[in-house]
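# Chains, contacts and geometry: an overview
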Amino acid sequence: MSVLLFTIIVLAGAFLAGLVGSLTGLGGGVIIIPLLTLGLGVDIHYAIGASIISVIATSSGSAAAYVKEGITNIRIGMFLEIATTVSAIIGAVVTVFIDPGYIAVIFGLILLFSAAMMVRKKIDRSDNDTSGKLALFLKLNGTYPTEDGVKKYAVHNVLGGFLMMFIAGIISGLLGIGSGALKVIAMDNIMRIPFKVSTTTSNFMMGVTAAASAIVYLHRGQIDPGIAMPVTIGVLVGATIGSKILVRTKTDKLKVVFAVVVTFLALQMIYNGLAGRL
Amino acid sequence: MIKDSKNFFADKDVQVILGTLLRVGVISSMSVVFVGGLIYLFSNYLGIVDYEKFNPGKSGLSSINAIFSGLKRVDGSAIIQFGTLLLIFTPILRVVFSVFSFLIERDYLYVLIGLFVLCVILFSLSNKLAG
């Protein structure tokens, strides 16, 4: 395949990934890794390097919009980044020693999980009950603006959330994805942070986490300019347009359709991984 | 209560600056990648892509020094890679900025936490991990 054709295909795919990703809340890597490996026969290690770049791009791009609204809890983000940066680097160091087939299988399983998380009904478990000593000591409890004024919330089970974030970071470094679905579990279900705060804070952290493993990938030669270029531009343009559409569209149906697509991609990745074709 | 609201607004100022910082980082890195991409395509568009097997030495642009020396030759791939570096450094700069803002707020615990995160990233930058 010629460089020009390859660039155009990846650019179009990355644009779609960014667009759908920002509409459904699923990261770009979910589409980019299958596109590169299954579609274009790219080695999964290059695909991982390209995907992590798309994670940083979308995270920083949308975090710029979110922080201005003042709902990101920077303290929660900073504290949990201790776990995610350390574990992301561990994941990024280990990934090259793992058989590509196994990586594909793990990726497929995470995709299935993310698809399920996307369509499930979300329950906001946040409250302002007295929380643990650790949350108080770390000053994690915060406030966020709602329609009826500023609302307070308390953070629960800090240690549990921290451990879950450690796992999310390992997966992120291993596969080059943001592992947003795992971060949501840590923040919404374990620490019981309100959605408005957890979504933006998780997105905010994703950039730093991805940067930590991206540096390892870069040094190892996994980030190739010929792939990174169309991925960065495509994802950023797609995500920007997506976030503009998002304001005036209902995404419920789209999420179901996308969950089906992701499930299909996941099964493909697992099948090809087990068959040793990646 | 007064203390609470004061903190809330101080944080808000910081967040507005942070948001701008992230935006500037993303836009400038994308512009660099775009320019590099044009040069890369112009000189390579008929070439054949070969990504079937991972080859660590292929691009020759896997260290910051290599990228900078490529920039001097106005090499398209090196310019793209430099843009990628800018993108990687955007969230890292965000941590540096947060450390300063916590220092101004005299929240030393979070200054320490931020510095720890920076150390982890610096350790990763030291290039002993790629293996």
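For clarity, every value in this text was computed on a predicted model and none was experimentally measured.

How each quantity is defined
- Residues numbered from 1 in each chain as written.
- Chains lettered and ligands numbered in written order.
- Predicted model: local features only at pLDDT ≥ 70, side-chain atom pairs only at ≥ 80, totals over all residues.
- Core = buried A, V, L, I, M, F, W, Y, C linked by C-beta atoms within 7 Å.
- Buried ≥ 20, exposed ≤ 12 C-beta atoms within 10 Å, placed from the backbone.
- Helix = DSSP H or I, 4+ residues; strand = E, 2+ residues; numbered from the N terminus.
- Contact = placed C-beta atoms within 7 Å.
- Axes fitted to C-alpha atoms, helices over the stretch in contact; angles between N-to-C directions.
- Parallel < 35°, antiparallel > 145°, perpendicular 65-115°, else oblique.
- Nonpolar A, V, L, I, M, F, W, Y, C, P; charged D, E, K, R; others polar.
- UniProt positions renumbered as here; feature names shortened; annotations may be inferred.
- Expected span 1.5 Å × (residues − 1).
- Pairing = 2+ DSSP bridges.

### A few points about the nonpolar core
Grouped together as the largest cluster of nonpolar side chains are 123 residues, with contacts concentrated most on Ile32(A), Ile53(A), Ile56(A), Ala211(A) and Ala214(A). At 13 residues, the largest contribution of residues to this core is made by helix α9 (residues 195-220) of chain A. Contacts of Ile56(A), omitting those with residues within four sequence positions, involve Gly207(A), Ala210(A), Ala211(A), Ala214(A), Leu87(B), Ile88(B) and Pro91(B).

### Some points on the packing of helix α7 (residues 158-175) of chain A against helix α8 (residues 180-190) of chain A
Residues and elements named next belong to chain A. Packing of α7 against α8 brings their axes to within 8 Å, and their N-to-C directions diverge by 170°. Our classification of the angle between α7 and α8 gives roughly antiparallel. Contacts between α7 and α8 involve Gly160, Gly161, Met164, Met165, Ile167, Ala168 and Ile171 on the former and, on the latter, Leu182, Lys183, Ile185, Ala186, Met187 and Ile190. Class assignment for the residues of the contact of α7 with α8 results in 10 nonpolar, 2 polar and 1 charged.

### Comments concerning the interface of chain A and chain B
How big an interface is tends to be stated in terms of accessible area lost as the parts join. With 55 residues of chain A at the contact, the number on the chain B side is 60 residues. Among the elements of the structure, α1 (3-24), α3 (44-68), α4 (74-94), α9 and α10 (225-246) of chain A are those that each provide at least two residues to the side of chain A that touches chain B. The element contributing the most residues to the side of chain A that touches chain B is α3(A), with 11 residues. Taken together, the residues of the side of chain A that touches chain B break down into 34 nonpolar, 15 polar and 6 charged.

### Digging into the UniProt feature "transmembrane region" (unreviewed entry) in chain A
All names here are of chain A. What UniProt calls "transmembrane region" (unreviewed entry) maps, in this numbering, to residues 46-67, 79-96, 102-119, 158-182, 227-247 and 254-271. For residues 79-96, helix accounts for 89% and strand for 0%, while the C-alpha atoms at its two ends are 28 Å apart. Structurally, residues 254-271 comprises 100% helix and 0% strand, and the distance from its first C-alpha atom to its last is 26 Å.

### What to know about the UniProt feature "transmembrane region" (unreviewed entry) in chain B
Residue and element names in this part refer to chain B. The positions UniProt marks with the feature "transmembrane region" (unreviewed entry) are residues 21-42, 78-96 and 108-126. For residues 78-96, the end-to-end C-alpha separation is 26 Å, with 100% helix and 0% strand making up the annotated structure. Segment residues 108-126 splits into 95% helix and 0% strand. End C-alpha atoms: 26 Å apart.

### Points about helix α5 (residues 100-119) of chain A
Taking 1.5 Å as the rise per residue, α5(A) with 20 residues should run 28 Å; its terminal C-alpha atoms sit 29 Å apart, in good agreement. For α5(A), the complete set of buried residues consists of Pro100(A), Ile103(A), Ala104(A), Phe107(A), Gly108(A), Ile110(A), Leu111(A), Ser114(A), Ala115(A) and Met118(A).

### Remarks on the pairing of strand β2 (residues 149-153) of chain A
Where strand β1 (residues 142-146) of chain A and β2(A) come together, 5 bridges link them in antiparallel fashion. Each residue of the ladder has a partner; that of Gly142(A), found in β2(A), is Tyr153(A).

### Some words on the environment of Ile92(B)
Its place among the elements puts Ile92(B) in helix α3 (residues 76-104). Separated by 26 residues in sequence, Ile92(B) and Leu118(B) place their C-alpha atoms 7.5 Å apart. Once you skip the residues sitting within four places of it in the chain, Ile92(B) turns out to touch Val208(A), Ala211(A) and Ile121(B).

### Examining the environment of Gly221(A)
Inspection of the secondary structure assignment puts Gly221(A) in the loop between α9 and α10. Taking the C-beta count within 10 Å as the criterion, Gly221(A) has 21 such neighbours and is therefore assigned buried. Setting aside residues up to four positions removed in sequence, Gly221(A) forms contacts with Pro56(B), Gly57(B), Lys58(B), Ser59(B) and Ser62(B).

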